[in-house]
Amino acid sequence: MTELRNPQIEIRRFRVRLVVAGLFVLACFGVLLARFVFLQVIQYETYQAAAEENRISVLPVVPNRGLITDRNGVVLARNYSAYTLEITPSKVKDLEATINALSAFVEIQPRDRKRFKKLMDESKNFDSLPIRTRLTDEEVARFAANRWKFKGVDIKARLFRQYPLGELAANVVGYIARISPKDVEMLEEKGIEANYKGSEHIGKTGLEKTYEKELHGQTGFERVEVDAGGRAVRTLAREPSSSGNNLILSLDIRLQEIAEKALGDRKGAVVAIDPKTGDVLAFASRPGFDPNLFIDGIDQANWDLLNNDPDRPLLNRPLRGTYPPGSTFKPFMAIAALTTGKRTPYQSISDPGFFVYGNHRFRDDKVGGHGSVDMVKSISVSCDTYYYQLAVDMGIETISRSLAPWGFGSLTGIDLDGEAEGVLPSPAWKQKRFKKAAQQRWFPGETVSIGIGQGYNSYTPLQIAHATATLANNGVVMRPKLVKYIQNVRTGQRVPTDTTPVRTLPVTAEQLEVIHRGMQLVNLEGTAASVFRGAPYTSAGKTGTSQVIAMKQNEVYDEKKIAQRFRDHALYMGFAPKDEPRIAVAVIVENGGFGSRSAAPIARQLFDFHLLGKRPDSLPTPIKPAEPGEENEPELDRELVPELEKEAVR
Amino acid sequence: MKDKALQFWSLLTDSLDWWLLIIVSMLLTLGLVVLYSAAYDIQHRFNDQLRNIVVAFGVLWVTSKVPPQLLSRFAVPIYVIGVTLLIAVALFGIVKKGARRWVNVGLVIQPSEIMKIAMPLMLAWYFHQREMFLRFYDYAIALALLAVPVALIARQPDLGTAILVLGAGSYVIFFAGLSWKVMLALAVGTAASMPLVWGMLHDYQRERVLTLLDPASDPLGKGFHIIQSTIAVGSGGITGKGWLHGTQAHLEFIPERHTDFIFAVWSEEFGLAGNVLLLVLYLALIGRGLFIASGAPTLFARLLAGAITLILFTYAFVNMGMVSGILPVVGVPLPMLSYGGTALVTQFLGIGILMSISRHKKVV
């Protein structure tokens, strides 16, 4: 039955099928062609008319962005309505000539031209782009009279963001800026790009970024009839937008101002927290920057200035700067010693002024030593030897295990994007941190300086303040938060943010009292006594000094001989009043030398203001809370410009 | 030195079929022109497509260097892998937009794309093996080889791709010489089973067919695509509205205007004249493909070249038919014009195979 086939016949048969296939293709394309002729020639008029009528366009109605105020209603970020002159490049034949002609009616700086060029490169062809923002009334009138000369140029009323206090709290509030292609990708990924139709700005840093979802609001839509040029002629229906929510911060801007002014020209960070609630009262970072620069695209000169500054004004120090805590670490070491049973409060050591481990001599600050030192005294005089010995007795594993619950080396969970984790050293951490096997091992000698907050220890000022607040709050851990209420603009209803404790640490009142007592003595007779002299409230604290460069054995630290940026950092942590704490702070002054000299006085100013309402002499006039009504959202008046934006058809 | 340059030049070009290259380049150019207009709001798409084209040309060049004999050795493995992946999709695929089409094998892929090439390869290989003693039941086996992946893809559901794969396989069987009588019987059988198929369709698929029959029944929903793209085509008239001046496209009335509906933008801006140009170019492409098939040395090469050519035709026909409202909406790109890397690479793979067959016609 097997029949061998003849290849020649097969090929001929195949070619016949090819011809059939070819004819089939021709027939199908013939059908298509007939369809095209039918649509494009015979029915052309019908479809042409349909396309002409097909001009109901849906325009987005951009929502008003929520305001940001401090806890007393002082406005930190607001909107205002202003006119912009906008060009749609795709509708303009000669852009250069148009801009030149426009400059006869409206002032156009070379800076404006440059920015416009940059915007064009970043935008879609059919976008309407601002050549000038914030026109004066006179300029609006002048252009309106000559508008007919300019096709593709329009005056638009837009809302602008403004940060009226400038640099103050800029690291907290952050800023918005124009939506970048990267932002678009992010929005698409989240599937919320539709809500950003028509929006031009998005939160880039700080709370503006973290709370973008709350602040932005819901975009509305307007069905409009458009003319042949795509310009809106008549509104057919409107689905209004709903404004973004307002943020009411836990920040007290007056306290923030005191903190920032107290740091002044020095680099550093100040964090103040209400220990009971976790409310962040002040969150200062110096040097700072003016967030208003970023809104419409920062110009190159300003950007270079900020970005290349060795003092790094754009670094949010309390959130992202990490520092060895120095002696401010000691109270936490002490409480860990008590909870793990490695020490009793009354166990004393005799301090010769140094500690020998192996063949290495670890120095104490005080030559000759502090004599007999128990736990309370170890805190008040900041005895290094006590903690060298303690660290060795506890061992690195116990240290890291018992300090982790205080939040060291982990995120505090503050409502601000980009928090740094810091480093709570442990053998496991070292194993992960280093690549080479020789460096991965934990050496027992490295444990010694961990006890005085040096070595690999590295924490953010926020972490130190957070741990201090926990210490003040009897071991109840509260999540630090900058936003106290989220307010619905329409109903005025304020919804408080979460205030439930994160966890409670297993410490007893007796154990805490030992630490608190030691810290109280610091401010009464110890290292910070001179700073807190005459304070009418009780307080507890600890000074600290953290080394920027390692000192050789037996080498004596001489501030004058060391370049400014290698000088020690000054730190202070503390809370007040001692028994019913209302404020806990961490202060760090970079290259500030001893903690008692540079950092503690800042804490004193904060305590004085928060507890007594007393302002430092250098700052006589407080920031005025907003007048009632002043903070109200300036509703963008769309009816204001119909004759400019639209050709009204009645 | 000059010799070296010449050698390099010939290494670069000796495997290329100039006719195909010119036609494809012209189509790509038209594609970029219309994409520039269609992607006015997402300009990076234009640059992305340039990158896609570069990648696709690389694939084409490599493929054109692979002799058909070597290619035939890959037929079975690729088919087996493809079917295995399709089964994997059915068992633990990733669901997106209500369809289970993707599977994660280190990276997320859509195995039905592989079948577009694997199917004709496999069947051409099979018939080639049986060349000397081809019998009736061989066609039955071929049909079975075809039916399994098609059923798996249709189940995902992805009717568009299922039809394309079915088409690809059917073309091979057709060229292999299935008798006219059987084909007629199959056609009648298919027509008769339509009510049955209708019952098995998903709701959205039925809706698409219904909207095709009467788009006005749902002008703001499913019919919107067809109505708007038909208006775009019709309002283009004889000469079109001009590049960048398509109102339907730029006022956002055309859905998917970068990808599956790019022909609507083309049609609106360049009119009947543009459409005829496009039809002529596709005809030239198909003609060249069929010519290559007719001169191919082995049964495998003949069947493969014929099938690939007709697949390209199917893409073009189905897409233009869908946009102009005579075929239901299925996700089929317009060859060389639609935005999208995967589709372009698949098409260029096909063109590369055609070139390889064209070049190796004398080697038996």
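Residues numbered from 1 in each chain as written. Chains lettered and ligands numbered in written order. Predicted model: local features only at pLDDT ≥ 70, side-chain atom pairs only at ≥ 80, totals over all residues.

Draft legend 1. Representation of the overall build of chain B within the structure. Helix and strand content of chain B: 14 helices and three strands. Long-range contacts, defined here as pairs at least 24 residues apart, represent 70% of the contacts in chain B between residues at least 6 apart. (Helix = DSSP H or I, 4+ residues; strand = E, 2+ residues; numbered from the N terminus. Contact = placed C-beta atoms within 7 Å.)

Draft legend 2. Representation of the overall build of chain A. Within chain A, the secondary structure is distributed over 23 helices and 23 strands. For chain A, buried positions account for 41% of its 650 residues. (Buried ≥ 20, exposed ≤ 12 C-beta atoms within 10 Å, placed from the backbone.)

Draft legend 3. Focus on the interface of chain A and chain B. Across the boundary between the two partners, chain A contributes 36 residues, which contact 41 residues of chain B. Put simply, the parts of the chain that give the side of chain A that touches chain B at least two residues each are helix H1 (7-42) and helix H2 (44-53) of chain A. At 18 residues, H1(A) tops the list of elements feeding residues into the side of chain A that touches chain B. Looking at the side of chain A that touches chain B, its residues break down into 19 nonpolar, 10 polar and seven charged. (Nonpolar A, V, L, I, M, F, W, Y, C, P; charged D, E, K, R; others polar.)

Draft legend 4. Focus on the sheet that holds strand E21 (residues 540-546) of chain A. Residues and elements named next belong to chain A. If you walk across this open sheet you meet the five strands as E12-E11-E23-E22-E21, and the pairing is antiparallel. The open sheet has two free edges, formed respectively by strand E12 (280-286) and E21, since each of these has just one partner strand. Shown here is a sheet whose adjacent strand axes are inclined to one another by a mean of 5°, direction ignored. Along the sheet face, helix H19 (residues 461-472) touches strand E11 (268-273), strand E22 (569-576) and strand E23 (583-589) and points at about 150° away from the line of E23. Contacting E11, E12, E21, E22 and E23, helix H22 (residues 600-612) runs over the sheet at an angle of about 150° to E23. (Pairing = 2+ DSSP bridges. Axes fitted to C-alpha atoms, helices over the stretch in contact; angles between N-to-C directions.)

Draft legend 5. How the structure looks around the sheet that holds strand E2 (residues 99-105) of chain B. Residue and element names in this part refer to chain B. With antiparallel pairing, three strands are arranged side by side in an open sheet as E1-E2-E3. With one partner strand each, in any of the chains shown, strand E1 (94-96) and strand E3 (107-109) form the two edges of the open sheet. Across this sheet, the average inter-strand angle for adjacent strands is 40°, counted without regard to direction. With three bridges connecting them, E2 and E3 associate as antiparallel partners. Within the sheet, the bridge partner assigned to valine 103 lies in E3 and is isoleucine 109.

Draft legend 6. Molecular detail of helix H12 (residues 262-294) of chain B. The end-to-end C-alpha distance of H12(B), which contains 33 residues, comes to just 33 Å, noticeably less than the 48 Å that a straight helix rising 1.5 Å per residue would cover. Along H12(B), the sharpest change in direction is near 120° and occurs at B:Gly271. (Expected span 1.5 Å × (residues − 1). Bend = angle between axes of the 7 residues up to and from the residue.)

Draft legend 7. Structural context of the nonpolar core. One finds A:Val270, A:Val271, A:Ala282, A:Val585, A:Val587 and A:Leu606 to be the most contacted residues of the largest nonpolar core, which totals 120 residues. In terms of residue count, the dominant contributor to this core is helix H15 (residues 384-403) of chain A (nine residues). Contact partners of A:Val587, with chain neighbours within four places excluded, come to A:Val270, A:Leu571, A:Tyr572, A:Ala599, A:Ile602 and A:Ala603. Of all hydrophobic cores here, the second largest spans 113 residues; its members include B:Ile153, B:Leu304, B:Leu310 and B:Leu312. (Core = buried A, V, L, I, M, F, W, Y, C linked by C-beta atoms within 7 Å.)

Draft legend 8. The arrangement of the packing of helix H2 (residues 18-38) of chain B against helix H3 (residues 44-65) of chain B in detail. All names here are of chain B. Where H2 contacts H3, the axes come no closer than 9 Å and their chain directions differ by 165°. What the angle tells us is that H2 and H3 run roughly antiparallel. Like other packed secondary-structure pairs, H2 and H3 cross with a definite hand, here right-handed. Touching Leu28, Leu32, Leu35 and Tyr36 of H2 are Arg45, Phe46, Gln49 and Ile53, all from H3. Here the residues of the contact of H2 with H3 are counted per class, giving six nonpolar, one polar and one charged. (Parallel < 35°, antiparallel > 145°, perpendicular 65-115°, else oblique. Left-handed = near helix turned anticlockwise from the far one by under 90°.)

Draft legend 9. Layout of the packing of H1(A) against H12(B). The contact between H1(A) and H12(B) brings their axes to 11 Å, and the two run at 175°. The angle between H1(A) and H12(B) falls in the class roughly antiparallel. Contact residues: H1(A) offers A:Arg15, A:Leu18, A:Ala21, A:Gly22, A:Val25, A:Phe29, A:Leu32, A:Leu33, A:Phe36, A:Val37, A:Gln40 and A:Val41, while H12(B) offers B:Gly271, B:Leu272, B:Asn275, B:Leu279, B:Leu283, B:Ile286, B:Leu290, B:Ala293 and B:Ser294.

Draft legend 10. Summary view of unusual backbone geometry. Residues and elements named next belong to chain A. In this structure, the amide linkage connecting arginine 286 to the following residue, proline 287, adopts the cis form with an omega of -5°. When you line up the elements, proline 287 lands in the loop between E12 and helix H11 (300-307). Cis geometry is found at the peptide bond from alanine 576 to proline 577, where omega equals -15°. With respect to the helices, strands and loops of the structure, proline 577 is situated in the loop between E22 and E23.

Draft legend 11. Representation of the confidence of the model for chain A in the model. Of the residues in chain A, 89% have a pLDDT of 70 or more, and the chain-wide mean is 85. Here residues 627-650 of chain A scores under 50 on pLDDT; set against residues more than four positions off or in separate chains, the count is 35 contacts. (pLDDT = per-residue confidence, 0-100.)

Draft legend 12. Expanded view of the confidence of the model for chain B. All names here are of chain B. Averaged over every residue, the pLDDT of chain B is 86; residues scoring 70 or more account for 93%. Averaged over each element, pLDDT in chain B is lowest for helix H9 (residues 203-213) (70) and highest for H12 (95). Model confidence for the complex is summarised by a pTM of 0.62, with the ipTM given as 0.91.

Draft legend 13. Expanded view of the environment of A:Phe150. Residue and element names in this part refer to chain A. Within the fold, phenylalanine 150 resides in the loop between helix H5 (137-145) and strand E5 (153-162). Judged by local crowding, phenylalanine 150 falls into the partly exposed class, with 17 C-beta atoms found within 10 Å. Sequence-wise, phenylalanine 150 and isoleucine 99 are 51 residues apart; in three dimensions their C-alpha atoms are separated by 9.9 Å. When neighbours within four sequence positions are excluded, phenylalanine 150 is seen to be in contact with Thr98 and Leu102.

Draft legend 14. Looking closely at the environment of A:Gly174. Residues and elements named next belong to chain A. With respect to the helices and strands, glycine 174 occurs in the loop between helix H6 (170-173) and strand E6 (176-178). We classify glycine 174 as buried; it has 27 C-beta atoms within 10 Å. Each C-alpha atom of the pair glycine 174 and proline 291 lies 6.7 Å from the other, and the pair is 117 residues apart in sequence. Ignoring any residue separated from it by four or fewer positions in sequence, one finds glycine 174 in contact with Gly203, Lys204, Thr205, Gly206, Leu207, Glu208, Lys209 and Pro291.

Draft legend 15. The arrangement of H15(A) in detail. Residues and elements named next belong to chain A. For H15, with 20 residues, the first-to-last C-alpha span of 18 Å runs short of the 28 Å given by 1.5 Å per residue. The sharpest bend along H15 comes to roughly 95°, located at glycine 395. H15 sits mainly inside the fold: 14 of its 20 residues count as buried.

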